[in-house]
2 protein chains.
Amino acid sequence: MQTIKVKTKSRPSTVYCGEGAVKKLEELLDGKDIFVVTDTNVYRLYEDFIRSTFPHSPVFAVPAGERHKTPHTLFSILDQMLQARLRRNCWLVALGGGVVGDMGGLAASLYMRGIPAVQVPTTLLAQVDSSVGGKTAVDYRGVKNVIGAFYQPEYVFCDPMFLKTLPAREIRCGLGEIVKTGALEGTIFDQLEKNADRLADFAFLEEITAACVRFKAGIVEKDECERSGLRKCLNMGHTTGHALELFYGRRSHGEYVLIGMFFESCIAERIGICAADYARRLRTLIGRVVKKLPRFENIGEAARTALYDKKNEKKNEVSLILPRSQGAYAEAKLSIEEYIGLIEDINGGNL
Amino acid sequence: MQTIKVKTKSRPSTVYCGEGAVKKLEELLDGKDIFVVTDTNVYRLYEDFIRSTFPHSPVFAVPAGERHKTPHTLFSILDQMLQARLRRNCWLVALGGGVVGDMGGLAASLYMRGIPAVQVPTTLLAQVDSSVGGKTAVDYRGVKNVIGAFYQPEYVFCDPMFLKTLPAREIRCGLGEIVKTGALEGTIFDQLEKNADRLADFAFLEEITAACVRFKAGIVEKDECERSGLRKCLNMGHTTGHALELFYGRRSHGEYVLIGMFFESCIAERIGICAADYARRLRTLIGRVVKKLPRFENIGEAARTALYDKKNEKKNEVSLILPRSQGAYAEAKLSIEEYIGLIEDINGGNL
């Protein structure tokens, strides 16, 4: 198990990563007043574990699924906290995937103006990405994550035991963010290429998860609230991936990130930001997770629709984080027309 | 006009206090994307001012009154912000009393995980107290301020021009927190005693407001999130005052703070924490604002009901911040029975 500190200005956070993280949780939370938030799926799988780890704590399971990541569910959590008469010295444990972590973290930040939060991510995606860095949110009026807070958890416990119950789709989803991290950090890229045949092995996942968390911690420490622009690099693949996810759905978020990275690596190559050789190595890696790329119908329309996404601060311009060379990336701004022309042209190509 | 810095860890905040603050606002916010939150009362009085100061900005007036300080109103603000297609670089200006400031600040903290907030307090209470220090909140399920955040505003503009439209009741309300500050800080106490005949004069209010803000800034810098216990001193008079406010209503918050201070100064004297002479000087000052104290019917029941207030972390115990001597105070813990016996005994006494 590795211990990774995230030294943000607002509140330092400690991540325990690897086998034994859950034991550490029992040790660190012993004797505390605790409120557990989970979802109905996770509760079904881990009821015994939850009841034996938190025998005296109220447990609230929200309905599972992204479509429940709403103010309504957030306030149902806050309601339960009030009914349990929780005081300001109690701790909230969010045990589940990204949706539970995002809403649980936000509830902790709001209850009596903030009680300590603990993240116990149970999906690979949440372990390598969303549980670390303090982003919490709910969706509202169809806009993703538009209501939220930057609120660092006291502890994050990433235990590989939870990965054993995940379907293959969920492992692929987490690998999406892992490969993205590889495109930002050279050592992780090497590890991924070297282990390309066993990306989904638990032993490898445990090792690479800690590396990804360590990289993200470094970024978050320097730009906690996404103000300097540095933290934006974590959005590589997300502009295009998110546009396609919104329009076509069905696949997981992480897979769409990889598909987005496929398009964006091609763009990087075409506009001369990235050498063909490295772009090809990146796409080979993407191909280890996403076996087959479809040809997207009406991809121009999909992109155009998504450019209303609130994250694009200037109109008529698309901002992309593009791969440059191993361990290096660059931000590029393209006009909407140029961008759409490029992805229409790339659409249907092979990995 | 005085400039007071509040150097908190999370985000430094600057308060402009005195005549000309509003001019400074125009200068500092020039060219920014702004969303104005106010309430229907303030908008009726200051429509021309608001329209000419923020000619291109959306203005949203929430219904006036404490009973609208709810998640429902909070989300109506967030709705309007979304409909105005505000981006992460826009600023929220909360122009109004404490309710507008609390809700506007919370909306700013939550919109896209936080946009800069500006407080323009229009009541004396908000100028001397609630607009400074970053406490934001809404009430929920009958519990005051139970959902909220510590979120420092970028700027606070306390301009005395707003005090001119305030009814006498509102001036008395603000004087409640001013006299409370005097009980915590010796120089302010001197100023209050020296000006006891003109407490409600605008010139005096302008001067004393800046002194109170400066004092509060010093406390907030040392204990932003009310964790070390230091910030608790600002609750002097509030335990008893709040209990009576909840039970009997009618008078303003600040007046109840003073009534609470009356009871608590008597308690401090009786349990030997405060010398009789200083306690009497304090009560004389209180009498300059609260002309006559009623005899409260069933005061024991009122106190008992309020001790369910979430702020009292330990059961069977009441925590009070009591005056000790000029510029000094102490925390005292009494059993509920002792406390109730004392206030029943003090009830009906004279100022």
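Every chain is numbered on its own, with residues counted from 1 as its sequence reads. Note on labels: chains are lettered from A, ligands numbered from 1, in written order. Only residues with pLDDT of at least 70 are given local features in this predicted model, and only at 80 or more are side-chain atom pairs given and counted; all residues enter the totals for whole chains, interfaces and linings. Side-chain figures throughout are based on the complete set of non-hydrogen atoms in the structure, without hydrogens or water.

Would you mind showing me how to read the overall build of chain A here?
In terms of regular secondary structure, chain A is built from 13 helices and 11 strands. The size measure is the radius of gyration over C-alpha atoms, and the globule rule it meets is 2.2 Å times the number of residues to the 0.38 power. Against the 2.2 N^0.38 benchmark of 20 Å for 351 residues, chain A shows a C-alpha radius of gyration of 20 Å, consistent with a compact globule. Expressed as lengths along the three principal axes of its C-alpha atoms, the size of chain A is roughly 60 × 40 × 35 Å. Throughout, a contact is declared for two residues whenever any of their heavy atoms are within 4.5 Å. Here the contacts in chain A between residues at least 6 apart in sequence split such that 71% fall between residues at least 24 apart. When the accessible surface of chain A is totalled, it reaches about 14100 Å², and 47% of it is carbon and sulfur. Charge convention: Lys and Arg are scored as positive, Asp and Glu as negative, and His as well as the terminal groups of each chain are ignored. In this description, the location of a charge corresponds to atom NZ of lysine, CZ of arginine, CG of aspartate or CD of glutamate. Side-chain charges of chain A comprise 47 positive and 43 negative groups, with the mean position of each set lying 3 Å from the other. Numbering of helices and strands runs from the N terminus; a helix is a DSSP stretch of H or I covering at least four residues, while a strand is a stretch of E covering at least two. Residue exposure ignores everything except the shown protein chains as possible cover, and the areas themselves are Shrake-Rupley values with a 1.4 Å probe.

Got a minute to help me understand the side chain of S57(B) in this structure?
With respect to the secondary-structure elements, S57(B) resides in the loop between α2 (40–53) and β4 (59–62). Filtering out sequence-adjacent residues up to four positions away, S57(B) remains in contact with I34(B), V36(B) and R51(B).

Would you take a moment to explain unusual backbone geometry for this structure?
Glycine aside, negative phi is the norm for most residues, and most peptide bonds take the trans geometry. The phi angle at R113(A) is positive, at roughly 65 degrees, despite the residue not being glycine. Mapped onto the secondary structure, R113(A) falls in the loop between α4 (98–110) and β6 (117–121). With phi around 55 degrees, N298(B) is a residue other than glycine that occupies positive phi space. Note on placement: N298(B) falls in the loop between α11 (276–289) and α12 (299–306). Relative accessibility decides the category of a residue: with a 1.4 Å probe and only protein chains considered, values under 20% of the type maximum give buried, values over 50% give exposed, and everything between is partly exposed. Assessed through its relative accessible area of 48%, N298(B) is described here as partly exposed.

What is the right way to look at the relation of the copies chain B and chain A in this model?
Two copies of one chain are present, and they are related through a rotation about an axis combined with an axial shift. In this comparison the copies share one frame, found by least squares on the C-alpha atoms of residues holding pLDDT of at least 70 in both. Laying chain B over chain A is done by rotating through 180 degrees and shifting 0.0 Å along the axis; what remains is an RMSD of 0.0 Å. What the rotation and shift describe, once combined, is the action of a two-fold rotation axis. By C-alpha distance to the rotation axis, the residue of chain B lying nearest is S10(B), at 2.8 Å. In this assembly the copies share their binding face: 100% of the residues contributing to the interface of chain B also contribute to that of chain A.

Honestly, helix α10 (residues 253–270) of chain A in this entry has me stumped. Any pointers?
Note on helix geometry: an α-helix contains 3.6 residues per turn, so any two residues three or four positions apart are oriented the same way. All names here are of chain A. Every helix has an expected span of 1.5 Å times one less than the residues it contains. Between its first and last C-alpha atoms α10 spans 26 Å; for 18 residues at 1.5 Å apiece the expected length is 26 Å, and the two agree. Counting buried residues along α10, 15 of its 18 residues qualify, which places the element largely inside the surrounding structure. Downstream of α10 by one or two residues, G272 has phi in the positive range, about 80 degrees.

Looking at this structure, how should I read the packing of helix α9 (residues 238–248) of chain B against α12(B)?
What describes two packed helices is the angle between their axes and the distance between those same axes. Residue and element names in this part refer to chain B. Orientation is described by lines fitted to C-alpha atoms, with helices fitted over the stretch in contact, and by angles between N-to-C directions that extend from 0 to 180 degrees. Running from N to C, α9 and α12 point in directions that differ by 105 degrees, and their axes come no closer than 8 Å. Between α9 and α12, the angle falls in the class roughly perpendicular. Along its contact with α9, which presents A243, L244, F247 and Y248, the element α12 presents I299, E301, A302, A303, T305 and A306. Of the residues in the contact of α9 with α12, the class split is eight nonpolar, one polar and one charged. Every angle not falling under 35 degrees, over 145, or within 65 to 115 is termed oblique; those three ranges are roughly parallel, roughly antiparallel and roughly perpendicular. Any residue that is not Ala, Val, Leu, Ile, Met, Phe, Trp, Tyr, Cys, Pro, Asp, Glu, Lys or Arg is counted as polar, Gly included; the first ten are nonpolar and the last four charged.

Teacher, can you tell me more about the interface of chain B and chain A here?
It is common to report an interface's size as the accessible area lost on association of the parts. Listed as interface residues are 41 residues of chain B and, on the opposing side, 41 residues of chain A. What gets called buried area is simply the loss in accessible area from a 1.4 Å probe that two parts show on being joined, summed for both. Between chain B and chain A the total buried area reaches about 3800 Å² when both faces are included, carbon and sulfur atoms providing 51% of it. The salt bridge definition used is simple: a Lys or Arg side-chain nitrogen within 4 Å of an Asp or Glu carboxyl oxygen. Counting across the interface, chain B meets chain A through two salt bridges. In this structure, D79(A) and R141(B) form a salt bridge, with 2.6 Å as the shortest nitrogen-oxygen distance. Pairs of N or O atoms within 3.5 Å make up the polar contacts considered here, provided that, within protein, one atom can donate a hydrogen while the other can accept it, and that residues adjacent in sequence are counted only when both atoms are side-chain atoms. The interface formed by chain B and chain A contains 18 residue pairs in polar contact (both at pLDDT 80 or more). Sorting the residues of the side of chain B that touches chain A by element identifies α3 (71–83), α4 (98–110), β7 (135–140) and β8 (143–150) of chain B as the ones contributing at least two each. When residues of the side of chain B that touches chain A are assigned to their parent elements, the largest contribution, seven residues, is made by β8(B).

Looking at this structure, I do not really get the packing of aromatic side chains. What am I missing?
Centre-to-centre distance and the angle between the planes together describe a pair of aromatic rings. A pair of aromatic rings is counted whenever rings of Phe, Tyr or Trp (Trp by its six-membered ring) have centres within 6.5 Å, and the orientation is called stacked for planes under 30 degrees apart, edge-to-face for over 60 and tilted otherwise. On inspection of all chains with the given rule, the structure shows 27 aromatic pairs over all chains. Note on Y46(A) and F49(A): the rings are 6.5 Å apart at their centroids and 80 degrees apart in plane angle, and the pair reads as edge-to-face. Pair noted here: Y46(A) and F49(A) are both in helix α2 (residues 40–53), with a separation of three residues, about one helical turn. One exposure class covers both Y46(A) and F49(A), and it is buried. On the basis of an interplanar angle of 40 degrees and a centroid distance of 4.9 Å, the ring pair of Y248(B) and F296(B) is categorised as tilted. Here the residue Y248(B) occupies a position in helix α9, and F296(B) occupies one in the loop between α11 and α12, the gap between them amounting to 48 residues. Judged by relative accessible area, which is 6%, F296(B) ranks as buried. An aromatic cluster of three or more residues is present, and its members are F247(A), Y248(A), F262(A), F263(A) and F296(A). The cationic tip of R113(A) hangs over the ring face of F150(B); the distance from NZ or CZ to the ring centre is 5.9 Å. Throughout this description, the term charge over a ring refers to an Arg CZ or Lys NZ atom that lies within 6 Å of the ring centre and within 35 degrees of the ring normal.

Could you clarify how one ought to interpret the environment of G97(B) in this entry?
All names here are of chain B. With respect to the helices and strands, the residue G97 is situated in the loop between β5 (91–96) and α4. For G97, a relative accessible area of 12% puts it in the buried group. Sequence-distant contacts of G97, defined by excluding residues within four places in its chain, comprise T122, T123 and A126.

How should I be thinking about the pairing of strand β4 (residues 59–62) of chain A in this particular structure?
Where a strand is regular, its side chains alternate between the two sheet faces. All names here are of chain A. In the sheet, strand β3 (residues 34–39) pairs with β4 via four bridges, with the strands oriented parallel. Note on β4: the bridge partner recorded for V36 is V59. When the strands point away from the viewer and the path from the first strand over the helix to the second turns clockwise, the crossover is right-handed. In terms of handedness, the path from β3 via α2 over to β4 forms a crossover that is right-handed. Between any two strands, at least two bridges found by DSSP are needed for them to pair.

What's the story with the side chain of D102(A) in this structure? I'm lost.
All names here are of chain A. Along the chain, the position of D102 falls in helix α4. Only 2.7 Å separates the side chain of D102 from the side chain of K69, close enough to count as a polar contact. Excluding anything up to four places from it in sequence, D102 contacts K69, K135, T136, A137 and N145.

Just to check I follow, could you spell out the nonpolar core for this structure?
Side chains of nonpolar character tend, in soluble globular proteins, to be buried together. Throughout, nonpolar core names a set of buried Ala, Val, Leu, Ile, Met, Phe, Trp, Tyr and Cys residues whose side chains join them through atoms within 4.5 Å. Core analysis: the largest hydrophobic core is formed by 64 residues, its most contacted members being M81(A) and M81(B). With 61 residues, the next largest nonpolar core counts I178(B), L307(B), L320(B) and I343(B) among its residues.

What should I look at first to understand the pattern of salt bridges in this one?
Opposite charge on two side chains permits them to pair, given that their charged atoms come into close proximity. In this structure the tally under the stated criterion is 38 salt bridges over all chains. As a salt-bridge pair, D102(A) and K69(A) come within 2.7 Å of each other at their nearest N and O atoms. Here K69(A) lies in the loop between β4 and α3 (71–83) and D102(A) lies in helix α4, a separation of 33 residues in the sequence. Taken individually, D102(A) and K69(A) each receive the classification buried, so the pair is uniform in this respect. Between K135(B) and E226(B) there is a salt bridge, with its nearest N and O atoms 2.6 Å apart. Of the two residues, K135(B) is situated in strand β7 and E226(B) in the loop between α8 (202–222) and α9; the sequence distance between them amounts to 91 residues. Judged by its relative accessible area of 17%, E226(B) is buried.

Explain the confidence of the model for chain A here, please?
Should the pLDDT be low somewhere, the predicted coordinates at that spot are not to be read in detail. pLDDT is defined as a per-residue confidence score from the predictor, taking values between 0 and 100. With 98% of its residues at a pLDDT of 70 or more, chain A has an overall mean of 95. Taken together, the chains of this predicted complex give a pTM of 0.95 and an interface ipTM of 0.94.

Would you take a moment to explain the sheet that holds strand β3 (residues 34–39) of chain B for this structure?
All names here are of chain B. Pairing is mixed across the open sheet formed by seven strands, whose spatial order is β1-β2-β9-β6-β5-β3-β4. Two strands close off the open sheet at either side, each with one partner strand: β1 (2–6) and β4. For this sheet, the mean inter-axis angle between neighbouring strands, taken without regard to orientation, is 15 degrees. Examined bridge by bridge, β5 and strand β6 (residues 117–121) share five bridges and lie parallel to one another. Looking at the pairing, L95 lines up with V120 of β6. Of the strands in this sheet, β2 (13–17), β3, β5, β6 and β9 (155–158) are in contact with helix α1 (residues 21–29), which crosses β9 at around 150 degrees. Those strands touched by α4 are β3, β4, β5 and β6, and its axis lies near 170 degrees from that of β5.

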